[in-house]
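Coordinate inspection notes
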Amino acid sequence: MLHSMSTTLEAATERSAAEVNEEIRALWRRSGGTLTTEQRTEYQRLVMEWAAATPRSHRAA
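Throughout this description, residue numbers start from 1 for each chain and increase along the sequence as written. Totals for whole chains, interfaces and linings use all residues, but because this is a predicted model, local features are given only for residues with pLDDT of at least 70 and pairs of side-chain atoms are given and counted only at 80 or more. Think of the side-chain values as coming from all heavy atoms in the structure, minus any hydrogens and water.

Looking now at helix 3 (residues 37-53). Taking 1.5 Å as the rise per residue, helix 3 with 17 residues should run 24 Å; its terminal C-alpha atoms sit 25 Å apart, in good agreement. The rule is simple: take the accessible area with a 1.4 Å probe, protein chains only, and divide by the maximum for that residue type; under 20% is buried, over 50% is exposed, in between is partly exposed. Under the scheme used here, helices are H or I runs from DSSP no shorter than 4 residues and strands are E runs no shorter than 2 residues, and both carry numbers assigned from the N terminus. The complete set of buried residues in helix 3 reads Gln39, Leu46 and Glu49. One face of helix 3 carries all of its buried residues, which in axial projection span an arc of 85°. Facing away from the buried surface of helix 3 by more than 90 degrees, the exposed residues are Thr37, Gln44, Met48 and Ala52. Helices are assigned an expected span. That span is 1.5 Å times one less than the residue count. This arc is taken over the directions from the axis of the helix to the C-beta atoms.

Further remarks concern the environment of Trp50. Mapped onto the elements, Trp50 comes out in helix 3. Along the chain, Trp50 and Ser16 lie 34 residues apart, while their C-alpha atoms are 7.7 Å from each other. The contact criterion used throughout is that any non-hydrogen atoms of two residues lie within 4.5 Å. The residues touching Trp50, leaving out its near neighbours within four places in the chain, are Ala17, Val20, Asn21 and Ile24.

Another aspect to go through is the confidence of the model for the protein. pLDDT is a residue-level measure of predictor confidence that goes from 0 to 100. Across the protein, the average pLDDT comes to 80, with 69% of residues at 70 or higher. Segment residues 1-12 is flagged for pLDDT under 50; beyond a separation of four residues in sequence, or across chains, it makes zero contacts in the model.

A few words now on the nonpolar core. Among the nonpolar cores identified, the biggest contains five residues, and these are Val20, Ile24, Leu27, Leu35 and Leu46. For this core, the leading source of residues is helix 2 (residues 17-31), giving three residues. Sequence-distant contacts of Leu35, defined by excluding residues within four places in its chain, comprise Leu27, Trp28, Arg40 and Tyr43. Nine residue types can take part in a nonpolar core, namely buried Ala, Val, Leu, Ile, Met, Phe, Trp, Tyr and Cys, and a core is a set of them joined through side-chain atoms within 4.5 Å.

Let's shift gears to the packing of aromatic side chains. Geometry of an aromatic ring pair is reported as the spacing of the ring centres plus the angle between the planes. In this scheme Phe, Tyr and Trp rings, the latter by its six-membered ring, pair at centre separations within 6.5 Å, and the angle between planes marks the pair as stacked below 30 degrees, edge-to-face above 60, and tilted otherwise. Under the definition given, this model contains one aromatic pair. Ring centres of Trp28 and Tyr43 lie 5.6 Å apart, and the angle between their planes is 75°; this geometry places the pair in the edge-to-face category. A residue pair is termed long-range when its members are at least 10 positions apart, and Trp28 in helix 2 and Tyr43 in helix 3 qualify at 15 residues.

What follows is the structure in structure tokens.
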């Protein structure tokens, strides 16, 4: 039962890489190019979410 709850929660919160990327861009626009400590924490969380949402073939450069 715990597994199905986890899967349901993940499915409900997953966003596409494009959606997360747009939020990253908005964060930079709001910051004026200089992130506060709180904004850096948010940026790091968003980058991790973006990486998880991006297919491996698009991450390898």
